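Fold and contact review
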Amino acid sequence: MSVSDSDSSSSSYGADHKSLKQVSRERLLHEMLRSAKTGDSKSTWKVLIMDKLTVKIMSHSCKMADITDEGVSLVEDIYKRRQPLPAMDAIYFIQPTRENIIMFLSDMSGRKPLYRKAFVFFSSPIARELVMEIKKDAQVLPRIGALREMNLEYFTIDTQGFITNNERALEELFGDEENNRKAVACLNVMATRIATVFASLREFPFVRFRAAKSLDATTMTTFHDLIPTKLAAGVWDCLMKYKKTIPNFPQTETCELLIIDRTIDQIAPVIHEWTYDAMCHDLLNMDGNKFVHEVPSKTGGPPERKEVLLEDHDPIWVELRHAHIADASERLHEKMTNFISKNKAAQIQHGSRGSGEMSTRDLQKMVQALPQYSEQIDKLSLHVEIAGKINRIIRESGLRELGQLEQDLVFGDAGMKEVIKFLTTNEDTTRENKLRLLMILASIYPEKFEGEKGLNLMKVAKLTDDDAIAINNLRMLEGEPDTKKTSISSFALKFDMHKKKRAARKDRSGEEETWQLSRFYPIIEELIEKVSKNELSKLDYPCLNDPSPTFHGTPLAGPITHNPPAHSMRSRRTPTWAKPRGSDDDGYSSDPVLRHASSDFKKMGQRIFIFIVGGATRSELRTCHKLTGKLRREVILGSSSIDDPAQYITKLKMLTAQEPSLDDLHI
């Protein structure tokens, strides 16, 4: 018996386009769980056994009801003591580790195995020696119904987003330069998990990556510089194996993958992003996508705490998540008003019409409509409550003024003077917000934080030594400080000798924002557009599939293009907070995305994948949705994790922590 790779081509990627999340769900439910319904086991319930990681993989793609529908009556942890169920079959969905193999063999060996038959599915490729270990157990072998590599070891966070669950990637890769063992292990796991995305989608990418920064022949390249290069090589190795082992795996390129790391954009993780989705995660202390709120008790007692998931199954969330918070609030108000005016049951509830005006037939219709009305009004009320809470926080914490300063800093319309003025006149601004402002400043003016100047800035902002760690550690994500200063000074001399303020972004021509505070865009927006137009520099972003000898001779060539500080061409303007939506092409509302989400994806060009080592942001995920509509190519974002600003700052502090612990550091 040999290990076979599960063939998903027939069930998951037929004539109709399916999103990454749909493909993942169908592979887990149909290809894995349903395939175990063979022979005499068709009518029997099964046990599903998973490890810590595969439980998360499953929960990101499927609901418990989906699993039950496929004949699973019990879900168990492979490492917990389990009762014997010798009359039942078991499905194992596990990582191919030695520990898991030992547990599996222990379950199924001996005169009395725990289960009648075992269907074993591995989340990623299994080592040959572990296969041999299973095969040599003569007792277990006849009890195995399937032994397959599923090659599905990523978490879908969105229809167009996935993470590899390397939560400590920033610390392990950009921290201690001397301890490369952890870093290499981290990159190996990441490469394997990225490759399983392409195994699921049956895609074979052109693999491009940010080249290592090298100033000249005498400069030594560091491990940090080589992170995208090494990861690209790891992904490539996995893909080469897939070409030989996976049925129907493409033999020629079908899409594009660009691998970069967090050093490419240090502003995106900390700037305030003003969309509904980003504001929810930034301001509401959510646990992942879980929002906890209080609802009135049905029995008349104290309010009850209720958990809701803000995910794809909620149509209001899907419609509004990428809209500006002011736009989302406006649209929610419109929806509530329209609902009440059109729904007779709602009118009665709100006392806008007397019951005497309604006929018996009307009342009958109202009663029939009540269950549906209840569900609709609950969802609307939830989002009205969330938006109201966010707007209250924005108002009470003076976020509009801070947000305007952040945007002006990034676009070169403000500098040190404006930041000092803000810090001295807004002393009640939270420590976290002042820290985030100084981190943006440090990304644009790193030399202002050297020595005494940096200490004085920290004193003006009244920040702690703990906060200073986060700002100082930004240097670990920017390469040699001299490089950055040189590029800035040479730029300033060349383009504008009189301009003292710098810009980290250029205004996007032809994209006038509809809402104030929507100017900012992540660097990946420019990179993805260049990939789509085939304008990305081959020197700065080489391709592993490129047959030219120049690449293979110098795989580390070319300094990174840091998006040089640009002269801001924007004229001064007086935007309003709640400017009405005058155009569908603002690029920031969710409307264009929604229009294209239901369109025929088959007419689109090849997929573009972009992977960010060290954590992605909500704004970068939004950018991928936006560009899918704009470029007519589905853009999928991958990362080691998805971080909200507080999580990112905590991880940044850990780069130099003596005994790192995510629980020890808070902002």
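Residues numbered from 1 in each chain as written. Predicted model: local features only at pLDDT ≥ 70, side-chain atom pairs only at ≥ 80, totals over all residues. Heavy atoms only, no water.

Here we come to the packing of helix H2 (residues 20-33) against helix H8 (residues 180-201). With their axes 10 Å apart at the nearest point, H2 and H8 run at an angle of 80° to one another. With respect to their mutual orientation, H2 and H8 come out roughly perpendicular. The residues of H8 that touch H2, namely those facing Leu 20, Val 23 and Arg 27, are Val 197, Ser 200 and Leu 201. Across the contact of H2 with H8, the residue classes tally to four nonpolar, one polar and one charged. (Axes fitted to C-alpha atoms, helices over the stretch in contact; angles between N-to-C directions. Helix = DSSP H or I, 4+ residues; strand = E, 2+ residues; numbered from the N terminus. Parallel < 35°, antiparallel > 145°, perpendicular 65-115°, else oblique. Contact = heavy atoms within 4.5 Å. Nonpolar A, V, L, I, M, F, W, Y, C, P; charged D, E, K, R; others polar.)

Our focus in this paragraph is the environment of Leu 152. Residue placement: Leu 152 occurs in the loop between strand E6 (144-149) and strand E7 (155-158). With relative accessibility at 0%, the residue Leu 152 sits in the buried group. Considered as a pair, Leu 152 and Ile 57 are 95 residues apart in the sequence and their alpha carbons are 8.2 Å apart. Setting aside anything within four residues of it in sequence, one finds Leu 152 in contact with Ser 24, Arg 27, Leu 28, Ile 57, Phe 93, Ser 123, Thr 196 and Ser 200. (Buried < 20%, exposed > 50% of the residue type's maximum accessible area, 1.4 Å probe, protein only.)

Turning to the environment of Lys 434, a few remarks are in order. Of note, Lys 434 is situated in helix H17 (residues 431-444). For the pair formed by Lys 434 and Asp 467, sequence separation is 33 residues and the distance between their alpha carbons is 9.8 Å. With near-sequence residues (within four places) excluded, Lys 434 lies in contact with Leu 423, Glu 427, Thr 429, Ala 461, Lys 462 and Leu 463.

So, about the sheet that holds strand E14 (residues 635-639). Taken together, six strands build an open sheet; the order of strands is E7-E8-E14-E13-E10-E9 and the sheet is mixed. With one partner strand each, in any of the chains shown, E7 and strand E9 (205-209) form the two edges of the open sheet. For this sheet, the mean inter-axis angle between neighbouring strands, taken without regard to orientation, is 20°. Two strands pair when backbone bridges link them, and strand E8 (residues 161-163) and E14 are joined in this way by three bridges, in the parallel orientation. Pairing of Phe 162 across the sheet is with Gly 638, part of E14. Its contacts with the sheet place H2 against E7, E8 and E14, and it is angled at close to 140° to E7. In the packing of helix H9 (residues 227-245) onto the sheet, contacts are made with E9, strand E10 (255-261) and strand E13 (608-613), and the angle to E10 comes to roughly 145°. (Pairing = 2+ DSSP bridges.)

Moving on, we come to the packing of aromatic side chains. For any two aromatic rings, the description comes down to two numbers: the centre-to-centre distance and the angle of the planes. Tallied over the entire structure, the rule returns 10 aromatic pairs. Ring geometry for Phe 162 against Phe 611: centres 6.1 Å apart, planes inclined by 35°, an arrangement best described as tilted. Here Phe 162 is found in strand E8, whereas its partner Phe 611 is found in strand E13, with 449 residues between them in sequence. Taken as a pair, Phe 162 and Phe 611 share a single burial class, namely buried. Through successive ring pairs, a cluster of aromatic residues spans Phe 204, Trp 236, Tyr 242 and Phe 249. Note that Arg 505 overlies the ring of Tyr 521, its terminal NZ or CZ placed 5.8 Å from the centroid. (Phe/Tyr/Trp six-rings, centres within 6.5 Å; stacked < 30°, edge-to-face > 60°. Lys NZ or Arg CZ within 6 Å of the ring centre and 35° of its normal.)

Right, let's get into H17. Between its first and last C-alpha atoms H17 spans 20 Å; for 14 residues at 1.5 Å apiece the expected length is 20 Å, and the two agree. Burial within H17 is extensive, with 12 of its 14 residues counted as buried. (Expected span 1.5 Å × (residues − 1).)

Taken together, the side chains of Lys 389, Arg 392, Arg 395 and Arg 400 make up a positively charged region of the molecular surface. If you tally residues by element for the positive patch, the top one is helix H14 (residues 360-396), at three residues. On the accessibility criterion, Lys 389 (31% relative accessible area) is partly exposed. (Patch = residues over 30% accessible without salt bridge, like charges linked within 9 Å, V, L, I, M, F, W, Y side chains within 5 Å. Areas by Shrake-Rupley, 256 points an atom, 1.4 Å probe, with all protein chains shown as cover. Salt bridge = Lys/Arg side-chain N within 4 Å of Asp/Glu carboxyl O. Lys, Arg positive; Asp, Glu negative; His and termini not counted. Charge placed at Lys NZ, Arg CZ, Asp CG, Glu CD.)

Once that is clear, we can look at the nonpolar core. Counting residues in hydrophobic clusters, the biggest one holds 151 residues, and the most contacted among them are Leu 173 and Leu 438. At 11 residues, H8 tops the list of elements feeding residues into this core. Look past the residues within four positions of Leu 173 in its chain and what remains in contact with it is Ala 183, Cys 186, Leu 187, Met 190, Phe 223, His 224, Ile 227 and Val 613. Counting residues in each nonpolar core, the second largest holds 24 residues, with Ile 101, Phe 104, Leu 105 and Val 131 among its members. (Core = buried A, V, L, I, M, F, W, Y, C linked by side-chain atoms within 4.5 Å.)

With that out of the way, let us pick up the pattern of salt bridges. As enumerated under the stated definition, the model contains 37 salt bridges in all. We note a salt bridge from Asp 89 to Arg 116, for which the minimum N-O separation is 3.0 Å. With Asp 89 in strand E4 (residues 89-94) and Arg 116 in the loop between helix H5 (98-108) and strand E5 (118-122), the pair connects residues that are 27 residues apart, well separated along the chain. Residue classification places Arg 116 among the partly exposed positions, given a relative accessible area of 34%. One salt bridge in this structure joins Arg 519 and Asp 413, with 3.0 Å as the shortest N-O distance. Taken together, the residues Arg 519 in the loop between helix H20 (481-495) and helix H21 (524-533) and Asp 413 in the loop between helix H15 (399-410) and helix H16 (416-425) connect sequence positions 106 residues apart. Take Arg 519 and Asp 413: they sit in the same class, and that class is buried. Connected via shared salt-bridge partners are Lys 21, Asp 158, Asp 312 and Arg 321.

Attention now moves to the side chain of Asp 107. Position of Asp 107 among the secondary structure elements: in helix H5. The residues contacting Asp 107, other than those within four sequence positions of it, are Arg 82, Tyr 92, Pro 113, Leu 114 and Tyr 115.

Each α-helix winds once per 3.6 residues, and so residues spaced three or four apart point in a common direction. Looking only at H16, the buried set comprises Val 419, Phe 422 and Leu 423. One face of H16 carries all of its buried residues, which in axial projection span an arc of 95°. Relative to its buried face, H16 has exposed residues pointing more than 90 degrees away, namely Lys 417, Lys 421 and Thr 425. Where the residues of H16 are buried, they touch H15, H17 and helix H18 (451-461). (Arc of directions from axis to C-beta.)

This next bit is on the confidence of the model for the protein. Within the protein, residue pLDDT values average 82, and 76% of them lie at 70 or more. Below pLDDT 50 for its whole length, residues 8-15 participates in 21 contacts with residues either more than four positions away or in separate chains. Taken together, the stretch residues 549-599 has pLDDT below 50 and engages in 124 contacts with residues farther than four places along the chain or on a different chain. (pLDDT = per-residue confidence, 0-100.)

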